[in-house]
Structures are given as structure tokens and as C-alpha cells.
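Chain and residue survey
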Amino acid sequence: RKEVEQDPGPFNVPEGATVAFNCTYSNSASQSFFWYRQDCRKEPKLLMSVYSSGNEDGRFTAQLNRASQYISLLIRDSKLSDSATYLCVVFNFGNEKLTFGTGTRLTIIP
Amino acid sequence: DGGITQSPKYLFRKEGQNVTLSCEQNLNHDAMYWYRQDPGQGLRLIYYSQIVNDFQKGDIAEGYSVSREKKESFPLTVTSAQKNPTAFYLCASSILAGGYNEQFFGPGTRLTVL
């Protein structure tokens, strides 16, 4: 089983719709969680951290469910500029490294 | 303008040749990292360095070598021992080693072995 698993998509969503991605992780000792965004043929950039209580940044909401070992990302009122690949990332303090999921590709359709 | 630069953007190499990828940062970050990204796979850690003159192997270090002689520079050499070197190589840095600190990525180098 992969340490971090994501549905690769692609998700093709009309502009203005709401879309949600899930990501599961296998190491119950994982302690920090993040969503990175990667545009086509570009480098990843941090989108948001994921806190236990859930957090929101504008149209983006991230949730963490430790009991079920998954994190989610919700994008409301999607824009064309949201088209990208979204990477689920987990940090383990035990080995001090980030583990990246393979990414979920999102395309917003006009 | 602070950031991370990688060069070249595209690199072609013949089989059996060593090649060195450049990574420079002017963010005054202590920690630097090299990742490899292949289609359908997540980023995989090759090497990382927490401080000058020190570095550790990541998950897929075989066939690669690094040096960290200066804080701002962390070049990666892809040797002929690397079986499948064609990939997108990403360099990253973070302000401190230890604990989680946001990693900032360079624009990447696409290496193709002919």
C-alpha cells in the first residue's frame, strides 16, 4: 500500500462548481498534512496546510480525519485558474521528510 | 528577488555520461533537497542537506551524488550508474532543517537520456 494515495482523476468540472478531493495516508504516526498545487510542467507550490480543526482560505477548505486517516480539499466556486494538479503531502517527524501523493488532476471547463 | 534557480531547464544526455544539475538559492535557507518526479508517481526524495558540508541519502539515492560546499548551492550529479535517469528533477529549500518548514521549489530541470 502506498504511503499517500490520491485519485489521479482527471476531474473535469464546470466553472463555478464545487469540487472535492480526498487523500488517504497509511502511517498513523503522520503529524503534518498539506496540499500543494502544481501547474502543468511547473514546480509544486504550497496551497495550504491542513489542521486538525479544519481550515479555510477563501474558496478552499481543508479537513483532516485522523481516525480514518484521510484529508480532503474542497474548492468552491471554481475558477478556470484552479486547473492544476493537487498534491497531497504528509510530513512525519520520525523520519523528517515529506511524502507526496501522485496528485489529482483538475480541469475547470468554461 | 529571492528564490531558487535551477539550470538548465532542459538537458539531453547520451547514455553513459554523467551530468550535473545546478541548484542555487538566495533565500538564506539552511536545508536543501533534491526530488525526482516521474509520470504517475509522486515526488521522490533523492538527497537532502540540512547544513553546509553535510548531506543524507533520501529514498532513491543510488546513481546520484551531491555536494554542499556553500549554503546557497546544492548541485546534483546524475551518474551513468543511474538506470532510468530520464525524469523531471526538482530542487527545494526550507528555512530550517528539523520539524516541518515550508519547502520552496525551483522551476525544475527536465533530463532526457538519449
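Notes on the structure follow. (Residues numbered from 1 in each chain as written. Chains lettered and ligands numbered in written order. Predicted model: local features only at pLDDT ≥ 70, side-chain atom pairs only at ≥ 80, totals over all residues. Heavy atoms only, no water.)

1. Details of the interface of chain B and chain A
One frequently used descriptor of interface size is the decrease in accessible area upon assembly of the parts. At the interface, 20 residues of chain B touch 18 residues of chain A. Here chain B and chain A share an interface that buries about 1,600 Å² over both sides, 57% of which is from carbon and sulfur atoms. When the buried area of chain B at its contact with chain A is split by residue, Leu-43, Tyr-100 and Phe-105 of chain B rank highest and sum to 33% of it. Here Asp-59 of chain B and Lys-97 of chain A are joined by a salt bridge, their closest N and O atoms 2.6 Å apart. The tally of links between chain B and chain A comes to two residue pairs in polar contact (both at pLDDT 80 or more). Of all the secondary-structure elements, those providing two or more residues to the side of chain B that touches chain A are strand S4 (31-37) and strand S9 (87-94) of chain B. Split into classes, the residues belonging to the side of chain B that touches chain A amount to nine nonpolar, eight polar and three charged. (Contact = heavy atoms within 4.5 Å. Buried area = accessible area lost by both parts, 1.4 Å probe. Salt bridge = Lys/Arg side-chain N within 4 Å of Asp/Glu carboxyl O. Polar contact = N/O pair within 3.5 Å; in protein donor to acceptor, adjacent residues only side chain to side chain. Helix = DSSP H or I, 4+ residues; strand = E, 2+ residues; numbered from the N terminus. Nonpolar A, V, L, I, M, F, W, Y, C, P; charged D, E, K, R; others polar.)

2. As for the pairing of strand S1 (residues 4-7) of chain B
Residues and elements named next belong to chain B. Burial along S1 is one-sided: the residues Ile-4 and Gln-6 are buried and none of Thr-5 and Ser-7 is. Bridge analysis of S1 against strand S3 (residues 19-25) gives four bridges, and the strand direction is antiparallel. Residue pairing in the sheet places Gln-6 in a bridge with Cys-23 of S3. (Buried < 20%, exposed > 50% of the residue type's maximum accessible area, 1.4 Å probe, protein only. Pairing = 2+ DSSP bridges.)

3. Overview of the pairing of strand S11 (residues 104-109) of chain A
Residue and element names in this part refer to chain A. Across the two faces of S11 the burial differs, with Thr-104, Leu-106 and Ile-108 buried and Arg-105, Thr-107 and Ile-109 not buried at all. Inspection of the sheet shows strand S2 (residues 11-14) paired to S11 by four bridges, in the parallel sense. By the bridge assignment for S11, Phe-11 is matched with Leu-106. With three bridges connecting them, strand S9 (residues 84-92) and S11 associate as antiparallel partners. Counterpart to Ala-84 in the pairing with S11 is Leu-106.

4. With respect to the sheet that holds S3 of chain B
All names here are of chain B. As summarised here, the arrangement of the four strands in space is S1-S3-S8-S7, forming an open sheet in which the pairing is antiparallel. Each of the sheet's edge strands pairs with one partner strand only, and the pair in question is S1 and strand S7 (64-66). Taken pair by pair, the neighbouring strands of this sheet meet at an average axis angle of 20°, ignoring direction. With three bridges connecting them, S7 and strand S8 (residues 76-78) associate as antiparallel partners. Across the sheet, residue Val-66 finds its bridge partner in S8, namely Leu-76. (Axes fitted to C-alpha atoms, helices over the stretch in contact; angles between N-to-C directions.)

5. Looking at the state of the cysteines
Residue and element names in this part refer to chain B. Across all of its chains, the model carries two disulfides over all chains by this definition. At a sulfur-sulfur separation of 1.9 Å, the disulfide partner of Cys-23 is Cys-91. Its torsion about the S-S bond being -70°, the disulfide of Cys-23 and Cys-91 is classed as left-handed. Taken together, the residues Cys-23 in strand S3 and Cys-91 in strand S9 connect sequence positions 68 residues apart. By the burial criterion, Cys-23 is buried, and Cys-91 matches it. (Disulfide = S-S within 2.5 Å.)

6. Here's the deal with unusual backbone geometry
Cis peptide bonds are those with omega within 30 degrees of zero, and the linkage from Gly-9 of chain A to Pro-10 of chain A qualifies with 5°. Of note, the amide linkage connecting Ser-7 of chain B to Pro-8 of chain B takes the cis form, showing an omega dihedral of -5°. Residue placement: Pro-8 of chain B occurs in the loop between S1 and strand S2 (10-13). For Arg-41 of chain A, which is not glycine, the phi dihedral falls at a positive 65°. By the secondary structure assignment, Arg-41 of chain A is in the loop between strand S4 (32-38) and strand S5 (44-50). One non-glycine residue with positive phi stands out, namely Asn-28 of chain B, at about 60°. Within the fold, Asn-28 of chain B resides in the loop between S3 and S4.

7. Let's talk about the side chain of Ser-49 of chain A
Residues and elements named next belong to chain A. Looking at where Ser-49 falls in the secondary structure, it is placed in strand S5. Judged by relative accessible area, which is 18%, Ser-49 ranks as buried. In contact with Ser-49, other than residues within four places in its own chain, are Phe-33, Phe-34, Asn-55 and Ala-62.

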